[in-house]
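Coordinate analysis (summary)
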Amino acid sequence: MSKINVLLIGGGGREHAMAFAISESQNLGKLFVAPGNDGMDFERVSLDVDDHSQVVKFCESEAIDLVVVGPEVPLVNGLVDSVLAAGIKCFGPTAHVAQLEGSKSFTRDFAAKHNIPGPKWQAFTDSGEAISWVKGINKPFVVKADGLAAGKGVTVCDTVDETINAITEMLDLGAFGESSKTILLEERLVGQEVSLFGVSDGKDVVMLSTAQDHKRAFDGDRGPNTGGMGCISPVPGTKKLQKEFVDKFLKPVVDGMAEEGTPYVGTIYAGIMLTDEGPKLIEYNCRFGDPEAQVIIPKVESD
């Protein structure tokens, strides 16, 4: 087999874990990381990944066979589409598929269409309507910015007043800019949270592992959500649920996207809450999590 030249997009801990795994492959020719980070002992290149033509030009000049996209923003912005259009293989979903992460309302509509269990929810663009709806129900909700917010656009509220404050901050004060011009109010699910990771070639899906990312800033699950305060894998007690996880949360995505003519290629990350009523979907991400990648990828023994 001829050697494969790879360009890895990203520069965080996730991409460090991915770069290390790729570098171990017997089939690797050259590995480039854009932009990488100072801790990486790999060849780093300075590319503006928002400029898709620049990325394609680099791939052509360096005979790149495979582009691997780590972070969510380039996926949502259609980098995969541009790379594929240039005839270069790419690991990662297209922009249409990446809406599963880029738009929470898109995900909830998709989940309802394909019978994927999740919480009750409602989308709003007007704070007055949202606050009135919450007061009518008189219970706290999870408040989510509809778009990308670097893992921080979610407020898990303990009281109605906290819910109202979060609505005001997102819709009226623009806490997350364009991402919070639409918000979702979701039923607060109670139980153990599990992150489920699989990979798909557009037709089939293979589960890799479960992980549990601890997001709240302070001990005892207190404080605001962060990008991640630590991680374990696998999640204790979930082994017997693996087939149910795949059947309920991974296969419907791969099958559903294939039916729509937009095959899902890349990593699927389902955030799941184990409730008394059974497992329910919290969210989908279209890439490896960070920090989950750092505990999952080193366990993968195959190429």
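Structural data are supplied above this passage.
A short tour of the structure in this document, coming up. (Residues numbered from 1 in each chain as written. Predicted model: local features only at pLDDT ≥ 70, side-chain atom pairs only at ≥ 80, totals over all residues. Heavy atoms only, no water.)

Let us now look at the side chain of T163. Counting through the fold element by element, T163 comes out in helix 8 (residues 160-172). Take T163: its relative accessible area is 0%, and that puts it in the buried class. Those residues in contact with T163, other than ones at most four positions away along the chain, are V134, P140, F141, V143 and C157. (Helix = DSSP H or I, 4+ residues; strand = E, 2+ residues; numbered from the N terminus. Buried < 20%, exposed > 50% of the residue type's maximum accessible area, 1.4 Å probe, protein only. Contact = heavy atoms within 4.5 Å.)

The interhelical angle for the contact between helix 5 (residues 95-102) and helix 6 (residues 104-113), taken along N-to-C directions, is 100°, at an axis separation of 6 Å. Considering their axes alone, helix 5 and helix 6 lie roughly perpendicular with respect to each other. Judged by residue contacts, H96, Q99, L100, E101 and G102 of helix 5 engage K104, F106, T107 and F110 from helix 6. Residue composition of the contact of helix 5 with helix 6, grouped by class: three nonpolar, four polar and two charged. (Axes fitted to C-alpha atoms, helices over the stretch in contact; angles between N-to-C directions. Parallel < 35°, antiparallel > 145°, perpendicular 65-115°, else oblique. Nonpolar A, V, L, I, M, F, W, Y, C, P; charged D, E, K, R; others polar.)

On the surface, a cluster of nonpolar side chains totalling about 210 Å² of accessible area is made up of V206, L208 and V300. Assignment of secondary structure puts L208 in strand 11 (residues 205-213). Owing to a relative accessible area of 31%, L208 belongs among the partly exposed residues under this scheme. (Patch = residues over 30% accessible without salt bridge, like charges linked within 9 Å, V, L, I, M, F, W, Y side chains within 5 Å. Areas by Shrake-Rupley, 256 points an atom, 1.4 Å probe, with all protein chains shown as cover. Salt bridge = Lys/Arg side-chain N within 4 Å of Asp/Glu carboxyl O.)

Right, let's get into the state of the cysteines. Taken as a whole and judged by the stated rule, the model has zero disulfides. Left unpaired, C286 is separated from the closest cysteine sulfur, that of C90, by 13 Å. For C286, a relative accessible area of 2% translates into the label buried. (Disulfide = S-S within 2.5 Å.)

Turning next to helix 6. K104, S105, T107, R108, F110 and A111 are the residues of helix 6 that are buried. Count one or two residues on from helix 6 and you reach N115, which has phi positive near 60°.

Taken as a whole and assessed by the stated rule, the structure comprises five aromatic pairs. Between the aromatic rings of F124 and W133, the centroid separation amounts to 5.5 Å while the plane-to-plane angle is 55°, which identifies the pairing as tilted. By relative accessible area, W133 is classed as partly exposed at 27%. Plain terms: the ring middles of F197 and F288 are 6.2 Å apart, the flat faces sit at 20° to each other, and that makes the pair stacked. Taken together, the residues span a long stretch of sequence, with F197 in strand 10 (residues 192-201) and F288 in the loop between strand 16 (278-285) and helix 10 (292-296) at a distance of 91 residues. The exposure class assigned to F288 is buried, which follows from its relative accessible area of 9%. Members of the aromatic cluster, joined through ring pairs, are F124, W133 and F141. (Phe/Tyr/Trp six-rings, centres within 6.5 Å; stacked < 30°, edge-to-face > 60°.)

In this structure, L7, V67, L100, F249 and Y284 are the most contacted members of the largest nonpolar core, which totals 44 residues. The greatest single-element share of this core, amounting to seven residues, is contributed by helix 9 (residues 242-259). Among residues more than four places away in sequence, those in contact with Y284 are L100, E101, T107, I116, F249, V253, I268, Y269 and A270. (Core = buried A, V, L, I, M, F, W, Y, C linked by side-chain atoms within 4.5 Å.)

Further remarks concern the sheet that holds strand 3 (residues 43-44). Spatially, 3-2-1-4-5 is the arrangement adopted by the five strands of the open sheet, whose pairing is parallel. The open sheet has two free edges, formed respectively by strand 3 and strand 5 (89-91), since each of these has just one partner strand. With six bridges connecting them, strand 1 (residues 4-10) and strand 2 (residues 28-35) associate as parallel partners. The residue of strand 2 that forms the bridge with L8 is V33. (Pairing = 2+ DSSP bridges.)

Right, let's talk about unusual backbone geometry for a bit. A cis geometry characterises the amide bond from A34 onward to P35, with omega recorded as 0°. With respect to the helices and strands, the residue P35 is situated in strand 2. In the segment running from S233 into P234, the intervening peptide bond is cis, with an omega of -5°. Tracing the backbone shows P234 in the loop between strand 14 (231-232) and helix 9. Its identity as a non-glycine residue notwithstanding, A63 has a phi of 50°, on the positive side.

Inspection of the secondary structure puts L189 in the loop between strand 9 (183-186) and strand 10. With 83 residues separating them along the chain, L189 and I272 place their C-alpha atoms 9.8 Å apart. If near-sequence neighbours (up to four positions away) are discounted, L189 is found in contact with P119, M273, T275, K280 and L281.

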